[in-house]
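Each chain, letter by letter, is given below.
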Amino acid sequence: MKKIEKVKLIKLKVFGDTRGALISLEQYKDIPFGIKRVYYIFDTKRDTPRGFHAHKTLEQVLICVNGSCKIKVDDGKNVDIFDLCSQNVGLYIGTMVWREMFAFSQGCVLLVLASRYYDPKEYIKDYNEFLRSVSCTNRE
Ligand code: TYD
């Protein structure tokens, strides 16, 4: 399987001691962009996938802070599936990557850090439109 350049796993530093563990996330340092928005997804159902869109201009880092889930990413040429099951790993997803989240465990909490404010206009929700857009970009 070929790697998708716009998607990468980020190892997060854990400050752990006998009291427990702590992870701190700072923009432009631990997270490769300025953080404009944070949201989290919870109360999910194992058999109810989400996502099914790409973002024209948004970058994100996804961290499963409790439980586990899988993220399918697709740049129009290659597809990859990441198993997020650790609090100290973030999945960076750049612009114009189709994503689907699925296989949510019981109690899964997926934290998302985003580079932009919420804007429904910068979503691409139609897969064929996404494929057309990335093939245009690849020709430029
Ligand atoms: P949606 O994009 O469907 O979630 P997912 O990517 O997990 O499939 O978002 C669900 C609802 O939440 C939808 O009505 C839009 C709203 N929403 C906001 O208002 N702000 C946000 O930052 C996000 C991500 C979603």
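Structure: above.
Our subject in this report is the structure included herewith. If you're wondering where the values come from, they're calculated on a predicted model, not measured in any experiment.

### A short note on the site of the ligand
Step number 1: Taken together, the neighbourhood of the ligand is formed by Arg37, Tyr39, Ile41, Arg50, Gly51, His53, Met101, Tyr118 and Tyr123.
Step number 2: Contact distances for the ligand include 2.4 Å between an oxygen atom and a side-chain N or O atom of Arg37.
Step number 3: Within the backbone of Gly51, an N or O atom sits 2.9 Å from an oxygen atom of the ligand.
Step number 4: Coverage of the ligand by the protein chains reaches 59% of its 530 Å² of free accessible surface.
Step number 5: Every element with two or more residues in the shell around the ligand is listed here: β4 (37-41) and β5 (50-55).
Step number 6: Counted by class, the shell around the ligand contains five nonpolar, two polar and two charged residues.

### Overview of the sheet that holds strand β1 (residues 7-11)
Step number 1: The strand order across the open sheet formed by five strands is β1-β9-β6-β11-β4, and the pairing between neighbours is antiparallel. Edge positions in the open sheet fall to β1 and β4, since each of these has one partner strand only. On average, each strand axis in the sheet is tilted by 25° relative to the strand beside it, whichever way the strands run.
Step number 2: Where β1 lies against strand β9 (residues 89-93), five bridges are found, and the strand directions are antiparallel. Of the residues in β9, the one forming a bridge with Ile10 is Gly90.

### Remarks on the environment of Leu22
Step number 1: Secondary-structure assignment places Leu22 in strand β3 (residues 20-22).
Step number 2: For the pair Leu22 and Lys45, spaced 23 residues apart in sequence, the C-alpha separation works out to 27 Å.
Step number 3: With sequence-adjacent residues up to four places away left out, Leu22 is seen in contact with Lys13, Val14 and Phe15.

### Describing the layout of surface pockets
Step number 1: Counted as a void, the second largest pocket has a volume near 170 Å³.
Step number 2: Taken together, Tyr39, Ile41, Arg50, Gly51, His53, His55, Gln60, Leu62, Arg99, Met101, Val112 and Tyr123 form the lining of the second largest pocket.
Step number 3: If you list the elements that add at least two residues to the lining of the second largest pocket, you get β4, β5, β6 (60-66) and β10 (98-102).
Step number 4: The leading source of residues in the lining of the second largest pocket is β5, at four residues.

### Examining unusual backbone geometry
Step number 1: The phi torsion at Asp43 lies on the positive side, around 55°, for a residue other than glycine.
Step number 2: Within the element layout of this structure, Asp43 appears in the loop between β4 and β5.
Step number 3: The class of Asp43 is exposed, set by a relative accessible area of 67%.
Step number 4: Even without a glycine there, the phi angle at Ala103 is positive, about 55°.
Step number 5: Within the secondary structure, Ala103 sits in the loop between β10 and β11 (109-114).

### Focus on the nonpolar core
Step number 1: Membership of the largest hydrophobic core comes to 18 residues, with the highest contact counts inside it found for Val7, Ile71, Val73, Ile93 and Leu110.
Step number 2: Looking at this core, the element that brings in the most residues is strand β7 (residues 69-74), giving three residues.
Step number 3: Those residues within four positions of Val7 in sequence are excluded, and the remaining contacts are Val73, Phe82, Leu91, Tyr92, Ile93 and Val97.
Step number 4: Membership of the second largest hydrophobic core comes to nine residues, among which are Ile31, Phe33, Ile63 and Leu113.

Reading guide: rules and limits
Residues numbered from 1 in each chain as written. Predicted model: local features only at pLDDT ≥ 70, side-chain atom pairs only at ≥ 80, totals over all residues. Heavy atoms only, no water. Near = heavy atom within 4 Å. Polar contact = N/O pair within 3.5 Å; in protein donor to acceptor, adjacent residues only side chain to side chain. Areas by Shrake-Rupley, 256 points an atom, 1.4 Å probe, with all protein chains shown as cover. Helix = DSSP H or I, 4+ residues; strand = E, 2+ residues; numbered from the N terminus. Nonpolar A, V, L, I, M, F, W, Y, C, P; charged D, E, K, R; others polar. Pairing = 2+ DSSP bridges. Axes fitted to C-alpha atoms, helices over the stretch in contact; angles between N-to-C directions. Contact = heavy atoms within 4.5 Å. 1 Å grid on protein atoms, 1.4 Å probe; cavity = no way out; pocket = protein on both sides within 12 Å on 5 of 7 lines; lining within 4 Å. Points joined across faces, edges and corners; volume = space filled by probe spheres on them. Buried < 20%, exposed > 50% of the residue type's maximum accessible area, 1.4 Å probe, protein only. Core = buried A, V, L, I, M, F, W, Y, C linked by side-chain atoms within 4.5 Å.

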